[in-house]
Amino acid sequence: MKSITYIISTPLTHRDSCRYGIDELISLGITVNIFEISQIVYPKIYTKNINISSDTSNIFHVKTNDELYGLFEKNTHDNIFISVGNLPKKILYNAKKHNCTVAIQMWGSIPLYTGVKQKLAKLLSPIKVIKKIMDKLYDSIVFRNIDYDFYLSISKLPGKRTVLCHCYDYYVDLLKLIDCPRVDQSSETIVFIDQMIPYHSDFIKFGNGFEVDAATYYRKLNKIFHSLEQKYHCEVVIAAHPRSQELKNYAELFDNREVFLNKSSELISTAKLTVTHYSTAINHSVLNNKEIFFLYSKELIRLGQYEQIKLMAYETKSCMINLEGGADFPLINKLPLDYYDEYKFKYISQRDDNMTNGNIIIKELLLDV
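Because the structure is a prediction, the values reported are computed rather than measured.

Draft legend 1. Region of interest: the overall build of the chain. The helix and strand inventory of the chain stands at 16 helices and 13 strands. Counting only residues that meet the buried cut, the chain has 49% of its 369 residues in that class. Counted over contacts in the chain with a minimum sequence separation of 6, partners at least 24 positions apart contribute 72%. If you sum the accessible surface of the chain, you get close to 19,000 Å²; carbon and sulfur atoms cover 52% of it.

Draft legend 2. Representation of the nonpolar core in the model. If you look at the biggest cluster of nonpolar residues, it comprises 46 residues, and the most contacted ones within it are Phe192, Leu221 and Leu228. If one sorts the elements of this core by residue count, helix 10 (residues 214-232) sits on top with eight residues. Other than its neighbours up to four places away in sequence, phenylalanine 192 contacts Tyr217, Leu221, Phe225, Val236, Val237, Ile238, Ala239, Phe254, Val275, Thr276, His277 and Leu295. Membership of the second largest hydrophobic core comes to 29 residues, among which are Ile22, Cys165, Leu175 and Leu365.

Draft legend 3. Seen up close, the sheet that holds strand 4 (residues 79-84). The strand order across the open sheet built from seven strands is 3-2-1-4-5-6-7, with neighbouring strands paired in parallel fashion. Of all the strands in the sheet, just strand 3 (59-61) and strand 7 (162-164) have a single pairing partner and so form its edges. Within the sheet, the average angular offset between the axes of one strand and its neighbour, ignoring direction, is 25°. Bridge count for strand 4 against strand 5 (residues 101-106) is five bridges, and the pairing is parallel. Its bridge partner lying in strand 5, valine 84 is registered against glutamine 105. Its contacts with the sheet put helix 4 (residues 65-74) on strand 1 (3-8), strand 2 (32-36), strand 3 and strand 4, and the angle it makes with strand 2 is roughly 160°.

Draft legend 4. Highlighting the side chain of threonine 276. Its location among the elements puts threonine 276 in strand 11 (residues 273-276). Apart from the residues lying within four places of it in its own chain, the contact partners of threonine 276 are Phe192, Ile193, Gln195, Ile282, Ile292, Phe293, Phe294 and Leu295.

Draft legend 5. Quick peek at unusual backbone geometry. One non-glycine residue, asparagine 256, lies in positive phi territory at about 60°. Structurally, asparagine 256 is set in the loop between strand 9 (235-240) and strand 10 (259-261). The backbone of asparagine 289 shows a phi angle near 60°, a positive value even though the residue is not glycine. Following the sequence through the fold, asparagine 289 ends up in the loop between helix 12 (282-287) and strand 12 (292-296).

Draft legend 6. How the structure looks around the environment of tyrosine 296. Inspection of the secondary structure assignment puts tyrosine 296 in strand 12. Using a relative accessible area of 17% as the deciding quantity, one classes tyrosine 296 as buried. Expressed as a C-alpha distance, the spacing of tyrosine 296 and leucine 221, which sit 75 residues apart in the sequence, is 9.9 Å. Look past the residues within four positions of tyrosine 296 in its chain and what remains in contact with it is Ile301, Tyr306, Ile309, Met320, Ile321, Asn322, Leu323 and Glu324.

Draft legend 7. Molecular detail of the sheet that holds strand 12. Spatial strand order, 10-9-8-11-12-13: six strands in an open sheet with parallel pairing. The two strands at the open ends of the sheet, each matched to only one other strand, are strand 10 and strand 13 (319-322). Here the strands of the sheet are splayed against their neighbours by 30° on average, with no regard to which way each runs. Taken together, the three bridges between strand 11 and strand 12 define a ladder with parallel strand orientation. By the bridge assignment for strand 12, threonine 274 is matched with isoleucine 292. Of the strands in this sheet, strand 12 and strand 13 touch helix 14 (residues 306-315), which is tilted by about 165° from strand 12.

Draft legend 8. Spotlight on helix 14. Within the sequence span of helix 14, burial applies to Gln308, Ile309, Met312, Ala313 and Glu315. For helix 14, the buried positions fall inside an angular range of 165° around the axis, keeping them on one side. Positive backbone phi, approximately 55°, marks lysine 317, located one or two places after helix 14.

Draft legend 9. The arrangement of the environment of glutamate 67 in detail. Here glutamate 67 shows up in helix 4. With relative accessibility at 35%, the residue glutamate 67 sits in the partly exposed group. Residues within four places of glutamate 67 in sequence aside, it is in contact with His61 and Val62. Here lysine 63 takes part through its backbone nitrogen, which lies 3.1 Å from a polar atom of the side chain of glutamate 67.

What counts, and at which threshold
Residues numbered from 1 in each chain as written. Predicted model: local features only at pLDDT ≥ 70, side-chain atom pairs only at ≥ 80, totals over all residues. Heavy atoms only, no water. Helix = DSSP H or I, 4+ residues; strand = E, 2+ residues; numbered from the N terminus. Buried < 20%, exposed > 50% of the residue type's maximum accessible area, 1.4 Å probe, protein only. Contact = heavy atoms within 4.5 Å. Areas by Shrake-Rupley, 256 points an atom, 1.4 Å probe, with all protein chains shown as cover. Core = buried A, V, L, I, M, F, W, Y, C linked by side-chain atoms within 4.5 Å. Pairing = 2+ DSSP bridges. Axes fitted to C-alpha atoms, helices over the stretch in contact; angles between N-to-C directions. Arc of directions from axis to C-beta. Polar contact = N/O pair within 3.5 Å; in protein donor to acceptor, adjacent residues only side chain to side chain.

These figures capture arrangement, not role.
Right, here's the structure in full:
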């Protein structure tokens, strides 16, 4: 059996080790290595090597391109490389130059408003914009014929060798159901899917120069939560963002409401309603047939996220609520079973089986190479 090497551009977390299929593949007896290249891709953000997954060994923190290319040369035989997200063209070119078989993992599919990046780009300095354009032009000329050997994707990609997989959230749910079948139950709760907006490192990565005032943001949020609790006679609980564990006294930000870490799936499965901004975890809401309210505010509009929220609300036939104004909440109705079928097909899974992604990789990727 061939081995697998993951190429990841951010430090590996416990959550991602599970979502990417790394933990499952190891449990199934596959030799898995990880090339963590955050210092190459994001040198200004990740200034030192960080391994925060205690369950995974064989991780290489790669500091330079030359070091990475040397690892390619040593690991080409009986090894498949899986890139989590798009690799820089130069790195993909060198992987192919060393006769590596490279697949790209694209399991995080959501409705994506392409104008967000364009709006953010306008906020950058002209020098940065020009540099980005020149870099893309250079890549398109020098590396124009470089492509991945396989695409691990939610849907079939025209002209590509595609291996159909489930989205992250559905996959993790499948793993949990294997160990512990879910028992139908309900609770008097409304789940807020937290995105840690004032403290999220992605906004630093985008370099948009905006900061969200935490005090103002949480004041508005808690006001809406109070209104929801009064309207529906339900308690709002927080499905905390995984990175929130780095922040002390997190529950205090939500007026000491209950905060749960790594429990999104379980909380949503029993909730009456889910509330969020634009989190990918709405997949749990769709899978469990729960209604969704999407929240927006001046801060999120300023961050260029309003159109993204609007698109996700449109795709799920959901309502939007402005944190600034007095909310007129609709009635919560029990959704028909086929309400989210189109969304599931487009963004969650097109497979007609419940095979886990780890087994899909073994049977439809490793055995095909």
